[in-house]
Amino acid sequence: MGVNRQTGLTACVLLWTLSTTAIAAPQLSVGSKRFTESYILGEILTQTARAAGFLYGAACSANLRSYTGQARESVALLTAISAETPLASPAIVAWIEGLLAESNERLGNWSSAEAHYRKALAYAPDDNFLLVAYADFLLDRDRPVEVLALLPDYAQSDTAYLRLALAHAALKTPEASRYTWMMGARFDALAQRGSDFY
């Protein structure tokens, strides 16, 4: 009986996830059953992999690690996943590259993070989430001029517009007050609609 490479990698990722999650984690009791955090996370990842496929389940597992203090492991897993999926759609490649960028950013690997942001944007140049994440990266590195060059065609997005306003403010441009006022007006409009999303 042969096991294909993708199925094997899926099993490894899921087992690794379960084995490295804290065994002594608090338990959740449902009726007479008790579930540890590792059991619950493993079940969530298993269901994700079943419903959406190997790539999504494995990438979600890897990404989760970057939020739980295991960014190095996240980068290693996402790199392995990326190498295993050379024929993935541009949107999927962009998503994985974006996850790699964020994990590298958490590690302080600025050059790697930037390379992954740029690669992600090469695959999905109009992806608002990627554009804004990269703009935040640039603003955090005190590079507001590059934000102005990155986002001028995306000002209709509140999230992109906010980064443009922040870049103008950082540079003290003549347009800074207009951008700040307009961003305030956008926030007011959101509040009047009862929304707190921007």
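Residues numbered from 1 in each chain as written. Predicted model: local features only at pLDDT ≥ 70, side-chain atom pairs only at ≥ 80, totals over all residues. Heavy atoms only, no water.

1. Section: the packing of helix α9 (residues 158-171) against helix α10 (residues 176-192)
Stage number 1. α10 packs onto α9 with a crossing angle of 150 degrees between their chain directions and a minimal axis gap of 8 Å. Overall, the two elements α9 and α10 adopt an arrangement that is roughly antiparallel. α10 is crossed by α9, and the crossing has left-handed handedness. Each of Asp158, Tyr161, Leu162, Leu164, Ala165, His168 and Ala169 in α9 lies in contact with α10, whose residues at this interface are Ala176, Arg178, Tyr179, Met182, Met183, Arg186 and Leu190.
Stage number 2. Tallied by class, the residues present in the contact of α9 with α10 amount to ten nonpolar, one polar and three charged. (Axes fitted to C-alpha atoms, helices over the stretch in contact; angles between N-to-C directions. Helix = DSSP H or I, 4+ residues; strand = E, 2+ residues; numbered from the N terminus. Parallel < 35°, antiparallel > 145°, perpendicular 65-115°, else oblique. Left-handed = near helix turned anticlockwise from the far one by under 90°. Contact = heavy atoms within 4.5 Å. Nonpolar A, V, L, I, M, F, W, Y, C, P; charged D, E, K, R; others polar.)

2. Here's the deal with the confidence of the model for the chain
Stage number 1. Averaged over all residues, the pLDDT of the chain equals 80, while 72% of them reach at least 70.
Stage number 2. Looking at the elements of the chain, mean pLDDT is at its lowest for helix α1 (residues 5-20), recorded as 45, and at its highest for helix α8 (residues 144-150), recorded as 98.
Stage number 3. In the predicted structure, residues 1-25 sits below a pLDDT of 50 and forms 26 contacts with residues beyond four places in sequence or in another chain. (pLDDT = per-residue confidence, 0-100.)

3. Quick notes on the packing of aromatic side chains
Stage number 1. Within this structure, the stated rule accounts for five aromatic pairs.
Stage number 2. An angle of 50 degrees between the planes, with centres 5.6 Å apart, marks the rings of Tyr117 and Phe137 as tilted. Remark: Phe137 occurs in helix α7 (residues 128-140) and Tyr117 occurs in helix α6 (residues 110-123); sequence separation between them is 20 residues. No difference in accessibility class separates Tyr117 from Phe137, as the two residues are buried.
Stage number 3. Among the aromatic residues, those joined into a ring-pair cluster are Trp110, Tyr117, Tyr134 and Phe137. (Phe/Tyr/Trp six-rings, centres within 6.5 Å; stacked < 30°, edge-to-face > 60°. Buried < 20%, exposed > 50% of the residue type's maximum accessible area, 1.4 Å probe, protein only.)

4. Looking at the nonpolar core
Generally speaking, a soluble globular protein has its nonpolar side chains buried in company with each other.
Stage number 1. Counting 27 residues, the largest nonpolar core has Tyr117, Leu130, Tyr134, Phe137, Val147 and Leu151 as its most contacted members.
Stage number 2. Secondary structure elements with two or more residues in this core: α5 (90-107), α6, α7, α9 and α10.
Stage number 3. With near-sequence residues (within four places) excluded, Val147 lies in contact with Ala135, Leu138, Leu139, Arg163, Leu164 and Ala167.
Stage number 4. Residues Phe54, Leu55, Ala62 and Leu100 belong to the second largest nonpolar core, which totals 13 residues. (Core = buried A, V, L, I, M, F, W, Y, C linked by side-chain atoms within 4.5 Å.)

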